[in-house]
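Read off the chains here:
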Amino acid sequence: VTSPCKILKCNSEFWAATSGSHHLGAEEAPEFCTALRAYAHCTRRTARTCRGDLAYHSAVHGIDDLMVQHNCSKDGPTSQPRLRTLPPGDSQERSDSPEICHYEKSFHRHSATPNYTHCGLFGDPHLRTFTDTFQTCKVQGAWPLIDNNYLNVQVTNTPVLPGSSATATSKLTIIFKSFQECVDQKVYQAEMDELPAAFADGSKNGGDKHGANSLKITEKVSGQHIEIQAKYIGTTIVVRQVGRYLTFAVRMPEEVVNAVEDRDSQGLYLCLRGCPLNQQIDFQTVRSAQATEGRARRKGPSLPAPPEAFTYETATAKCREKLPVEDLYFQSCVFDLLTTGDVNFMLAAYYAFEDVKMLHSNKDKLHLYERTRELAPGNMAPTGTHPTLWVALLCLSWLCLL
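From a predicted model like this one, the values you see are computed outputs, not experimental measurements.

1. Quick word on the pairing of strand 8 (residues 215-221)
- As defined by bridge partners, strand 8 adjoins strand 9 (residues 225-230) across 6 bridges and the pair is classed as antiparallel. For Glu-219, the partnering residue across the bridge sits in strand 9 and is Ile-226.

2. Considering unusual backbone geometry
- Backbone geometry places Asn-71, a non-glycine residue, at a positive phi of 55°.
- Secondary-structure assignment places Asn-71 in the loop between helix 3 (54-69) and helix 4 (103-106).
- Positive phi is not limited to glycine here, since Gln-180 has a value of about 40°.
- On the accessibility criterion, Gln-180 (47% relative accessible area) is partly exposed.

3. Some points on the state of the cysteines
- Throughout the structure, instances matching the rule amount to 6 disulfides.
- With its sulfur 2.0 Å from that of its partner, Cys-33 forms a disulfide with Cys-72. Between Cys-33 and Cys-72 the disulfide shows an S-S torsion of about -75°. By sign, it is left-handed. Of this pair, Cys-33 sits in helix 2 (residues 29-45) while Cys-72 sits in the loop between helix 3 and helix 4; the two residues are 39 residues apart in sequence, bridging distant segments of the chain. Taken individually, Cys-33 and Cys-72 each receive the classification buried, so the pair is uniform in this respect.
- Linked covalently through their sulfurs, Cys-119 and Cys-271 form a disulfide whose S-S length is 2.0 Å. Across the S-S bond linking Cys-119 and Cys-271, the dihedral sits near -75°, which makes this disulfide left-handed. Of this pair, Cys-119 sits in strand 1 (residues 116-122) while Cys-271 sits in helix 6 (residues 270-273), and the two are 152 residues apart along the sequence.
- On the accessibility criterion, Cys-119 (0% relative accessible area) is buried.
- The exposure class of Cys-271 is buried, given its relative accessible area of 0%.

4. Things to note about the nonpolar core
- By size, the foremost hydrophobic cluster in this structure holds 48 residues, and its most contacted members are Leu-145, Ile-146, Leu-151, Ile-174, Phe-176, Tyr-232 and Phe-248.
- Per-element tally for this core: the top contributor is strand 11 (residues 245-253), with 4 residues.
- Once you skip the residues sitting within four places of it in the chain, Leu-151 turns out to touch Ile-146, Ile-174, Ile-175, Phe-176, Lys-177, Ile-233, Ile-237 and Met-252.
- Core analysis: the next-biggest nonpolar cluster, separate from the first, contains 23 residues, Phe-14, Cys-50, Cys-72 and Val-187 among them.

5. With respect to the pattern of salt bridges
- Evaluated as defined, the whole model comprises 7 salt bridges.
- Put simply, Lys-209 and Asp-184 hold a salt bridge, and the shortest N to O gap is 4.0 Å. Of this pair, Lys-209 sits in the loop between strand 7 (186-191) and strand 8 while Asp-184 sits in the loop between strand 6 (167-176) and strand 7, and the two are 25 residues apart along the sequence.

6. Points about the packing of aromatic side chains
- All chains considered together, the criterion is met by 10 aromatic pairs.
- An aromatic cluster is defined as three or more aromatic residues linked by ring pairs; in this entry it consists of Phe-122, Phe-134, Tyr-329 and Phe-353.
- Here the guanidinium or amino end of Arg-251 rests over the ring plane of Tyr-116, the centre of that ring lying 3.7 Å away.
- The cationic tip of Lys-322 hangs over the ring face of Tyr-350; the distance from NZ or CZ to the ring centre is 4.7 Å.

7. Regarding the sheet that holds strand 4 (residues 141-147)
- The 4 strands are arranged 4-5-6-7 in an open sheet whose pairing can be described as antiparallel. At either end of the open sheet lies a strand with only one pairing partner, and these are strand 4 and strand 7. Each strand axis lies, on average, 20° off the axis of its neighbour in the sheet, ignoring direction.
- Two strands pair when backbone bridges link them, and strand 5 (residues 151-159) and strand 6 are joined in this way by 9 bridges, in the antiparallel orientation. The residue bridging Asn-157 from the neighbouring strand is Thr-169, located in strand 6.
- Here helix 3 sits on the sheet in contact with strand 5, strand 6 and strand 7, set at roughly 20° to strand 6.

About the criteria used
Residues numbered from 1 in each chain as written. Predicted model: local features only at pLDDT ≥ 70, side-chain atom pairs only at ≥ 80, totals over all residues. Heavy atoms only, no water. Pairing = 2+ DSSP bridges. Helix = DSSP H or I, 4+ residues; strand = E, 2+ residues; numbered from the N terminus. Buried < 20%, exposed > 50% of the residue type's maximum accessible area, 1.4 Å probe, protein only. Disulfide = S-S within 2.5 Å. Core = buried A, V, L, I, M, F, W, Y, C linked by side-chain atoms within 4.5 Å. Contact = heavy atoms within 4.5 Å. Salt bridge = Lys/Arg side-chain N within 4 Å of Asp/Glu carboxyl O. Phe/Tyr/Trp six-rings, centres within 6.5 Å; stacked < 30°, edge-to-face > 60°. Lys NZ or Arg CZ within 6 Å of the ring centre and 35° of its normal. Axes fitted to C-alpha atoms, helices over the stretch in contact; angles between N-to-C directions.

Right under this line is the structure:
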């Protein structure tokens, strides 16, 4: 799936034309305004196809702000001259950062250790929220995962098979908002078969500010795994491409998670509030439908068969190769193999759990054993009930539906 929205091209052209020009002399301001008008013209050309795209709306607002800051007229030439280049060793390699650009030294002013939280999205898709609620959702189209004072994360989920309600993440947009003397606004965007190791403007850190290296991208595996460290907000983000689709995982301080000015809008913030009830999928309901149809797909007698047909037994055996503990990551793996027939979804569940082990601050909560939608607060099996019993009951209920 290729997005017709060309906002990344507009961003790249503007940054290429203005590299090193954040601190312009008076003689260069007209050239900057010319590049800025060309940027605005580019965004207008792609406006129709970018409706609902976070990076597009961020760019439009950013252009308006820069127009005001540099006293630029909206009328005038729109050619894109190349301004001066970055000084040697600047921006990409700068390692010094002021104290305000280190979360634990500045944001958190108490003696206690910051309380870090985790959110992850993977597979068909499965969501683990900041409160350790685990859900399986439909959420087709574009949805906000995170939306607070410091960054926005939006995912786009598309059907895995034509006509099926099984969806997976095909596009991810992350916007780091400009913050004091630490970082300039940066946009990261990944799509199917395109996992860049840089921001949309080609940079790998937070720009030209003094604390630029408090925001850095590191490529762990080319085209498959990147990590973004945002030290100024104490946040780590992991993005992977597994098969054709993307996974997302984040570790973020609770203070940053809840830094939302308009709390009425938090209902759209999936990592905090979870998926809407009408978007949630129940494992057993879908499993019952699969049993009725007699094949591993969700609905519709005219749907094409998945690439590989799994039975419950073969899916269970396959998932156990990578996920020996029969928790919700294991159950998600089985669910995804049955609904998609794509063995890469097993790897997505495996890597999602690996990211939990790396990012979750409470090692006692790595495994979840029951769908939290049906449990009381706490998101785990009730006290006094051994997790293995809950898994056994869950597995038994699935087998009974066969």
